[in-house]
Protein chains: 4
Amino acid sequence: MSEQTFRVAVAGASGYAGGEILRLLLGHPHVEIGALTAHSSVGDTLADHQPHLWPLADRVLQDTTVEVLAGHDVVFLALPHGHSHALAAQLPAETVVIDCGADHRLTDPAAWERFYGGEHPGSWPYGMPELPGAREQLRGARRIAVPGCYPTAASLAMAPALAAGLVDPEVVVVAASGTSGAGKSLKPHLLGSEVMGSMSPYGVGGLHRHTPEMQQNLGAAAGGPVTVSFTPMLAPMSRGILATVSAPVRPGVDVAQVRAAYEKAYGDEPFVHLLAEGRWPSTAAVAGANTLLLQVAVDEAAGRLIVVSAVDNLTKGTGGAAVQCLNLALGLPETTGLGTVGLAP
Amino acid sequence: MSEQTFRVAVAGASGYAGGEILRLLLGHPHVEIGALTAHSSVGDTLADHQPHLWPLADRVLQDTTVEVLAGHDVVFLALPHGHSHALAAQLPAETVVIDCGADHRLTDPAAWERFYGGEHPGSWPYGMPELPGAREQLRGARRIAVPGCYPTAASLAMAPALAAGLVDPEVVVVAASGTSGAGKSLKPHLLGSEVMGSMSPYGVGGLHRHTPEMQQNLGAAAGGPVTVSFTPMLAPMSRGILATVSAPVRPGVDVAQVRAAYEKAYGDEPFVHLLAEGRWPSTAAVAGANTLLLQVAVDEAAGRLIVVSAVDNLTKGTGGAAVQCLNLALGLPETTGLGTVGLAP
Amino acid sequence: MSEQTFRVAVAGASGYAGGEILRLLLGHPHVEIGALTAHSSVGDTLADHQPHLWPLADRVLQDTTVEVLAGHDVVFLALPHGHSHALAAQLPAETVVIDCGADHRLTDPAAWERFYGGEHPGSWPYGMPELPGAREQLRGARRIAVPGCYPTAASLAMAPALAAGLVDPEVVVVAASGTSGAGKSLKPHLLGSEVMGSMSPYGVGGLHRHTPEMQQNLGAAAGGPVTVSFTPMLAPMSRGILATVSAPVRPGVDVAQVRAAYEKAYGDEPFVHLLAEGRWPSTAAVAGANTLLLQVAVDEAAGRLIVVSAVDNLTKGTGGAAVQCLNLALGLPETTGLGTVGLAP
Amino acid sequence: MSEQTFRVAVAGASGYAGGEILRLLLGHPHVEIGALTAHSSVGDTLADHQPHLWPLADRVLQDTTVEVLAGHDVVFLALPHGHSHALAAQLPAETVVIDCGADHRLTDPAAWERFYGGEHPGSWPYGMPELPGAREQLRGARRIAVPGCYPTAASLAMAPALAAGLVDPEVVVVAASGTSGAGKSLKPHLLGSEVMGSMSPYGVGGLHRHTPEMQQNLGAAAGGPVTVSFTPMLAPMSRGILATVSAPVRPGVDVAQVRAAYEKAYGDEPFVHLLAEGRWPSTAAVAGANTLLLQVAVDEAAGRLIVVSAVDNLTKGTGGAAVQCLNLALGLPETTGLGTVGLAP
C-alpha cells in the first residue's frame, strides 16, 4: 500500500484547522491534494487566506458541496460546529470522512443538547487512538470524529490515573491556549493588539463546550461519573495548550505508582510521551508537532495529583490528529507525514 | 503634610522590582529620589540597567551598605531573598524600611524553615492593606513586608469566600505569570527566544515558595487551616499574573451570595475591584496599574467556586504595593502617585 | 489657572486613540471627562470596548453629533479619516477641537488629493510643538491637527539634520509599528494568531498615506523639496514605533556636528530626548510615555547618517500629543498629565 | 545513493543553530545522528539544552575534539566565531565539514581583519546555491561555509537587480530579526522580559559583522564595488528576519523589468520564491521552512527599488541552508529533508 496515493479534499480550507491539515498533507507521501472548499471565501485563491502555503497559492476555493467533495478518497471537514452532519450524510459510505468539528464527538444526547442544543447528530469513532480501545475502532473506519483540542490535553493527562484508581473522580482543569484555538474569527478580543502581553479567562464556570467531552473521556477511563471543573484562558501566543489537570490523590499513592500507570498507558505510543523526572513540558516543545508531552507530580501537603500536558492545539489538537486518523483509516503507518518534534525556539 | 517631601533610597535599583519602584516614584509628588544601590553593578549608571528611566540616566549605582542607605526617610529593599534582614537590623528604627523580599512575610518559623531554610528572621507588618485588619498595622509602620506577587493574586481572590464560609478550605491555585516575575535573572529558560510563543509550568507539586504565604493569608481569612495546591506557569508576556483560584463550594451557596461577600470586602477599596457580572479580568487591563481586578463564578455541576484575578506582578504585585505602603506609613493619601488603569492595548 | 477644570468630550471613544486619550485624561488634574461618543457602538457602555478603563465602565457611548459634543471646552476627535472636517465646522469657534485624524494635516491640496482623494479640507495648526515655529501657533489655538504616528517618528528624527544642511534631501524611512497603529480594525491580518511571531511590510513603494506628511515636515525643515522612501512594517507588539531614518551625509560632516544640531534642536524639549552616545532607543522605553527617544550615527563607509527614533504610536504618536496640544491650547504647563518614562520591562 | 545512510556529527549541539540542524536531521531519511558535542555543557544530556528534541533526550554531550568528531561522514560546526578554523584543519580532507560560523565566509583578508581581527582563515565554497555559479562549487564539496542569516536575506533580495544593472550600487538594508539570531546568549537585553513588546536597533552605522558579507555578495552580483548601509533591529519574536533592501533605481526601469530579472534568477529555485504581485512576505510564512520569500516595488516618486525578503534565520538562514549544503555535498536531491512551508499561524 505504501506506493498508493489517496486523493484528499479539505472543506474549510481557509481556516486555521484547514490550513494546518494542508500544511501536513504537503509533506505526506501518499496524498494528492484535491478540492479545497470554503464558504464566504468561495472564488478566492488559497493565497488570500493561507499565505504560508505558497506552493498552493493559486488553488481556487470552491463551494462546500457534496458535488465538489465527491470523488475523493478522503474528505476532511474543518467547518464550524453544526455543518458537518448534513454534509457527511450525503457523502458515499466508502469515503473516509474525518470531521474536525464537534458534531459527532459526544455519545450522550443530553450532554449534546445542554451544550450545543438541537438534535443530537449521533457519534462517530473518536479519533484519540491513545485512549483504551480507541485505536481498534479507527483502523479502517470511514467516519471519524477528531477530538477537541482542550479535551485532548485534559483527557490524555488524567485518564491513566483515573483508570488505575489513583485519584478521586473530581478533576480540575485549568488550561491556557494560544489564540488560534479560537479560529480565524474577526472578534475584537482576538486582535493582536488585545492579546499580546495579556492573559484572560473565558467560559468560566463550566460553560465551555469542551467540558462534556472531557467528562465523557475521563468517565470512560474511570468507569463511572467524573466531575470536571474547566477554566480556559487565552494566552499571548498563536499555538499551543498548556493544561494543568489535578485531582485528589487517593491515600498512599506515591509518584512512582503514578509514573508506572502512565508508562503503562503510553510507553508504546508514538505521539504521547511522559517526560523523565524533573522535566516539564512547554508548548514550544510541541509547536507544529503531533505530540503530547506530559509530566506528573504528587503534592502530599495538598493531597493532589497534578498532571501538566502540552500540545499544539492545531496539530495533535486538531490537524495532526486528523492526519493520524487518516493513516489509521487507510491502513498506513500511523506516523506517516507527522513530525514529533516542535519548532523551538 | 501634603507639601512635605520625603527622601527615598532604593536598594536593588538595577532589578525589575527596583526599576518599578523608581518608575512610580518619578510620578510621586512627595518624594525625592536619593541613593540608588546595587550589588554586582556598583559603579554603573542607572542607564546601564534601566534605559526606560532616562531622566535618571546618569545616576551612579552605589554599594548596598548601611552607610549609603542611612539618612533617608524611606528605604526600599528590592534584594534577593535573605539579604534584607541583616541590613534592616542596622538601619535606624525611625527609618521606614519597606522590604520587597520574602524575609519578613512568614509568621510561622516552621513554614520558613521548610521553604527557605535557616533561622526564621521574624515577621513584619504585612503590606496587603485589603486583608482584614492589615491596614491599621501599616499606618505609621516603620518596617513593612511587601507581599509576594502570586500570594497577592491568590489571597485577595479567595479570602472573602473563606472568611464568609462559602467554600471548603481546599484551594487550588493555577496562575500564569509574565517573565518579569522571575527577575532579571540570566537563565536560559528566561531568554526571549525561549519564552515567546511558549507556556511552561514550574515548581509543580507545592514546591513554590509562595505556597506557605498563600496558606498563611487564606488560613487567617478562614480562621483555620487551609490546603493550597499551587501551580505556577510562565507565560509569554513581560508583566502580569492571571490566577485561577477555586475551591469546593458549600451546599446551597449561589453566585449572589458570593458577590455580596466580595462587594462587602472590597467595595471601598481603591485598588481591588470586583467586575460587573459577565466581565472578566485580563492582565492588560492592569498593566502598570496598582489594581487587582477579579470576577467570580459558581460551577454547580462541578461544585466549585472559581475566582479569577488579574494583577501586574511588578505593580500591585510588588512596586505599587510598596508605594501604597509608603503612603500608609507616611500618612499620605493611600492612592498618591499610583494609577489604577492599565496600559492597554 | 491651575485650579480650573475643563470639560472634555472624546469622539471615537471606543477605538484605540480614544481609549489612550481617556487613559491620560483620567490622570490629568484639570479635566472633567464629559461626553463619550462612538458610531456603530452607540448605546454600549465603555466597558464593552475599553475594559482597562474600569473607573469609566458604566459610561454610555452616545452618538457622534454636534449636539452631543457641544457644551464642552475641548473636543477630541478620534475618528476615521474624513469624518472630522464636517463635524468641526459645526462646533463653536471657541471650542478647542483637537483632531487625531488626517483631515487637517496636509497643507498641499495636490498631496491631499493624491493620497486621500476628494476636496482638500484645509489645514490646521500642526500639533508637533518640537518643529521650528510650531509651538507658538499651538498656544491658545482652537483647532489643532494632531500628527500621524509615523510622521512623528520620522520627522523629529531627520528634521534637525536637514535644517542644518548636514544631509542630502533624499530620506529613507523604514519603520516598524505595533499593531495598535492599525486601529481596532477587524481584519484577518490583524488577528493575534497572525501577528504574533511575525513581521510583515505593507504599503511598500510610497503608498502609505503618511508619506506626504513626512515630506511636508521634512521639506519645511530643509527649506526645499525632499524625497521620502517610506516602508512600514507590522511588528509583533501592541504599541510602539521604531523608525530607522537615513539620508546621504554631506562630505566632511562628522557625528559631533550631528549631535550638536540635535542638542540644539531638542535640548530644552521635555518630550524629545537625544540619548547619550552609545545608547539606543527601544519602544519599551517609551511605552505609554509621551516621549520620543533618538540616537544618531554616521556610517562613513556607506556615506549615510542614520537616526533611530522610538515612540509609542498611541501616546506621543497620537493621544499624548493630543493632550500636549490641549495643554498648549489652554495655557496649562505643557507637561501636565503626561508621563515621560515608559512601562518597561 | 538514495538508500545510503550518512553518519553525521554536530558540534555545538546545545545552541540554537545546532538544535535547528538536529531538528531537521531527525526528519532526514539518509542521515544517522552521531556525536553531539558542546563546550561548557559537556556531560549534560541534550534534554538539558534542547527539550523539544525529546527523541534525543538522553544523548550525552561530548567534548568538541577532533577525536570525537572523526569517523563521521559529515561534521556540522555550529560554534562561536573563531573556533572552526583550527578544528576543521585537523579533520580528514574527505569529511564533509559544514561550518555555520563566519570563519570561512569572507574572501577579502582586509574585510576580515577590519570586522573580525586576527589572521584571515581563508574562504571556503559559500553555501548560497542561489547565487550565480555557487551551486556548482557546492556539489561534492568537502568544506562549505554556510552564509550568515542577514546576508542571506539581503543578498538574495538585491543581487538580481544589481546583476541586471537596474539599480545604483548604493544599497540600504534595514532588517528586523527574531532574538534567536543572537544565539542562546545570557545577556540581559535578550531576556524575554526585555524583548517582548519591544523593538530596538543595534550595531548601527555599519558596525555589524554581516556588512562585509553583504558587500561581498552584492559586489559580485554587481560586478563592482557596492556600498551597504545596514541597520539591524531586534524584534519581539523568536525566529525570522524581515529585510527591507532598497537602492536608487536607474532611470526608466519599471517594475515589470524588475520582476523579469527576479523570475529569471529564481524561477527554478526550490527555496527562493518571488511572490505574485500584490502579495508581501511575512516571517510567519517561512517559520521553520528552508524558504526565502520576496517581493519587489518601484517607488517612482522617491526613485528607489524596494525589495522585501523574509527568511527564518535558523532555517534558510542557518540550519536549513546547512542541510541543503549537505545534500549538495553528498549528491542527494537538494530538497531532501527540507520543508518549504512555514508554521503559521
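Above this note sits the structure.
The following refers to the structure shown. (Residues numbered from 1 in each chain as written. Chains lettered and ligands numbered in written order. Predicted model: local features only at pLDDT ≥ 70, side-chain atom pairs only at ≥ 80, totals over all residues. Heavy atoms only, no water.)

**Observations concerning the relation of the copies chain B and chain A**
Definition in use: Each copy is superposed on the other by least squares, with the fit set by C-alpha atoms of residues at a pLDDT of at least 70 in both. Here, two residues are considered to be in contact whenever any of their heavy atoms come within 4.5 Å of each other.
When chain B is fitted onto chain A, the two copies agree to an RMSD of 0.0 Å after a turn of 180° and an axial shift of 0.0 Å. The transformation just described matches what one would write down for a two-fold rotation axis. Scanning chain B for the C-alpha nearest the rotation axis identifies P236 of chain B, at a separation of 3.1 Å. Mapped onto chain A, 100% of the interface residues of chain B are again interface residues, and the two copies thus contact each other with one and the same surface.

**Structural notes on the sheet that holds strand β8 (residues 200-201) of chain B**
All names here are of chain B. In plain terms, the rule: Only strands that DSSP links by at least two bridges are regarded as paired with each other. Only DSSP runs of H or I covering at least 4 residues are called helices, and only runs of E covering at least 2 are called strands; the numbering of each starts at the N terminus. Here an axis means a line fitted to C-alpha atoms, over the contact stretch when the element is a helix, while the angle between two N-to-C directions is reported on a 0 to 180 degree scale.
Reading across the sheet, the seven strands line up as β8-β9-β7-β10-β13-β12-β11 and stay open at both edges, with mixed pairing between neighbours. Two strands lie at the open edges of the sheet, namely β8 and β11 (272-274), each paired on one side alone. As paired strands, strand β7 (residues 170-177) and strand β9 (residues 227-234) are joined by eight bridges and run parallel to one another. Across the sheet, the residue bridging to V171 is V228, located in β9. In the packing of helix α6 (residues 149-163) onto the sheet, the strands contacted are β7, β9, β10 (241-248), β11, β12 (292-299) and β13 (304-311), and the crossing angle to β10 comes to about 35°. Contacts from helix α9 (residues 255-266) reach β11, β12 and β13 within the one sheet, and its direction differs from that of β12 by about 160°.

**Brief notes about the packing of helix α1 (residues 16-25) of chain C against helix α10 (residues 315-330) of chain C**
Residue and element names in this part refer to chain C. Note the threshold: In this scheme, roughly parallel covers angles under 35 degrees and roughly antiparallel covers those over 145, while 65 to 115 is roughly perpendicular and the rest are oblique. We call a crossing left-handed when the near helix sits turned anticlockwise from the far one by less than a right angle, and right-handed when that turn is clockwise. Residues are grouped as follows: Ala, Val, Leu, Ile, Met, Phe, Trp, Tyr, Cys and Pro are nonpolar; Asp, Glu, Lys and Arg are charged; all remaining types, including Gly, are polar.
In the contact formed by α1 and α10, the axes pass within 9 Å of each other and the chain directions differ by 50°. Between α1 and α10, the crossing angle belongs to the class labelled oblique. Here the hand of the crossing between α1 and α10 comes out right-handed. Contacts between α1 and α10 involve A17, E20, I21, R23, L24 and L25 on the former and, on the latter, T315, T318, G319, G320, A322 and V323. Classifying every residue of the contact of α1 with α10 by side-chain character gives six nonpolar, four polar and two charged.

**Looking at the pattern of salt bridges**
Rule in force here: One side-chain nitrogen of Lys or Arg within 4 Å of one carboxyl oxygen of Asp or Glu is enough to make a salt bridge. In this scheme, a residue with accessible area under 20% of its type's maximum is buried, one over 50% is exposed, and one in between is partly exposed, where area comes from a 1.4 Å probe on protein chains only.
Using the criterion set out here, one finds 40 salt bridges over all chains in the structure. Ionic pairing is found between R279 of chain B and D48 of chain C, a salt bridge with its closest N-O pair at 2.7 Å. Of this pair, R279 of chain B sits in the loop between β11 and β12 while D48 of chain C sits in the loop between β2 (31-38) and β3 (62-63), each in a different chain. For R279 of chain B, a relative accessible area of 28% corresponds to the partly exposed category.

**Focus: the environment of A176 of chain A**
With respect to the helices, strands and loops of the structure, A176 of chain A is situated in strand β7 (residues 170-177). The spacing of A176 of chain A and Y150 of chain A is 26 residues in sequence and 9.2 Å in space, taken between C-alpha atoms. With residues up to four places along the chain from it excluded, the contact list for A176 of chain A reads M199, M233, A235, M237, G240, I241 and L242 of chain A together with M199 of chain B.

**Here's the deal with the packing of helix α6 (residues 149-163) of chain A against helix α8 (residues 211-222) of chain A**
All names here are of chain A. The contact between α6 and α8 brings their axes to 8 Å, and the two run at 20°. One element, α6, and the other, α8, form an angle in the roughly parallel class. You can see that α6 and α8 cross each other, and the crossing is right-handed. Residues Y150, P151, A154, S155, M158, A159, L162 and A163 of α6 form the contact with α8, whose own contacting residues are E213, M214, N217, L218, A221 and A222. Tallied by class, the residues present in the contact of α6 with α8 amount to 11 nonpolar, two polar and one charged.

**Considerations on the packing of aromatic side chains**
The geometry of an aromatic ring pair is captured by two quantities: the separation of the ring centres and the angle between the planes. Threshold: Two rings from Phe, Tyr or Trp (for Trp, the six-membered ring) form a pair when their centres are within 6.5 Å of each other. A pair whose planes differ by under 30 degrees is stacked, one over 60 is edge-to-face, and the rest are tilted. We call a charge positioned above a ring when the Lys NZ or Arg CZ atom is no farther than 6 Å from the ring centre and deviates by at most 35 degrees from the ring normal.
With the rule as written, the count across this model stands at 12 aromatic pairs over all chains. Plain terms: the ring middles of Y150 of chain B and F230 of chain B are 4.9 Å apart, the flat faces sit at 65° to each other, and that makes the pair edge-to-face. Residue Y150 of chain B is found in helix α6, and its partner F230 of chain B is found in strand β9; the two are separated by 80 residues along the sequence. You'll find Y150 of chain B and F230 of chain B in the same group, each marked buried. Directly above the ring of W124 of chain D sits R143 of chain D, whose terminal nitrogen or CZ lies 6.0 Å from the centroid.

**Overview of the relation of the copies chain D and chain C**
When chain D is fitted to chain C, the residual RMSD is 0.0 Å, and the transformation amounts to a turn of 180° plus an axial shift of 0.0 Å. The share of interface residues of chain D whose copies in chain C are also at the interface is 100%, consistent with both copies meeting through the same surface.

**With respect to the interface of chain D and chain C**
Cut-off, in case you're wondering: Two parts placed together each lose some accessible area under a 1.4 Å probe, and the buried area is that loss summed for both. Definition of a polar contact: a pair of N or O atoms within 3.5 Å, with one able to donate and the other able to accept a hydrogen when the atoms are protein atoms, and with sequence-neighbouring residues admitted only if both atoms are side-chain atoms.
Chain D puts 39 residues into the contact, and the matching count from chain C is 39 residues. Taking both partners together, chain D and chain C bury about 2900 Å²; carbon and sulfur atoms supply 70% of that area. Summed over the three residues of chain D that lose the most area to chain C, namely M199, P201 and V204 of chain D, the buried surface amounts to 17% of that side. Taken together, the connections running from chain D to chain C amount to zero salt bridges. If you look at where chain D meets chain C, you find eight residue pairs in polar contact (both at pLDDT 80 or more).

**Quick word on the side chain of H120 of chain B**
All names here are of chain B. The residue H120 is located in the loop between α4 (109-115) and α5 (134-138) in this model. A polar contact of 2.6 Å, which involves the side chain of H120, links it to the backbone oxygen of L106. Discounting chain neighbours no more than four positions away, the residues touching H120 are L106, T107, D108, P109 and W112.

**Remarks on the side chain of D103 of chain C**
Residue and element names in this part refer to chain C. Definition in use: Positive residues here are Lys and Arg, negative ones are Asp and Glu, while His and the chain termini are left out of the count.
Residue position: D103 is located in the loop between β5 (96-99) and α4 (109-115). It turns out D103 is buried and unbridged, and the closest side chain with the opposite charge, R105, is 8.0 Å from it. A polar atom in the side chain of D103 sits 2.7 Å from the backbone nitrogen of G82. Here D103 is in contact with H81, G82, H83, S84, H85, W112, P121 and G122, once residues within four sequence places are set aside.

**Considerations on the sheet that holds strand β4 (residues 74-77) of chain B**
Pairing between the strands of a sheet is mediated by backbone hydrogen bonds and can be parallel or antiparallel. Residue and element names in this part refer to chain B. Across the sheet, which stays open at both edges, the six strands sit in the order β3-β2-β1-β4-β5-β6 with parallel pairing between neighbours. The strands lining the two open edges of the sheet, one partner per strand, are β3 (62-63) and β6 (143-145). Sheet strands in contact with helix α1 (residues 16-25) are β1 (6-11), β2 (31-38) and β4, and its direction is about 160° off that of β1.

**Some points on the environment of R209 of chain B**
Residues and elements named next belong to chain B. Along the chain, the position of R209 falls in the loop between β8 and α8 (211-222). Judged by relative accessible area, which is 35%, R209 ranks as partly exposed. Between the alpha carbons of R209 and P160 there is a distance of 23 Å; along the sequence they are 49 residues apart. If near-sequence neighbours (up to four positions away) are discounted, R209 is found in contact with H81, F115 and Y116.

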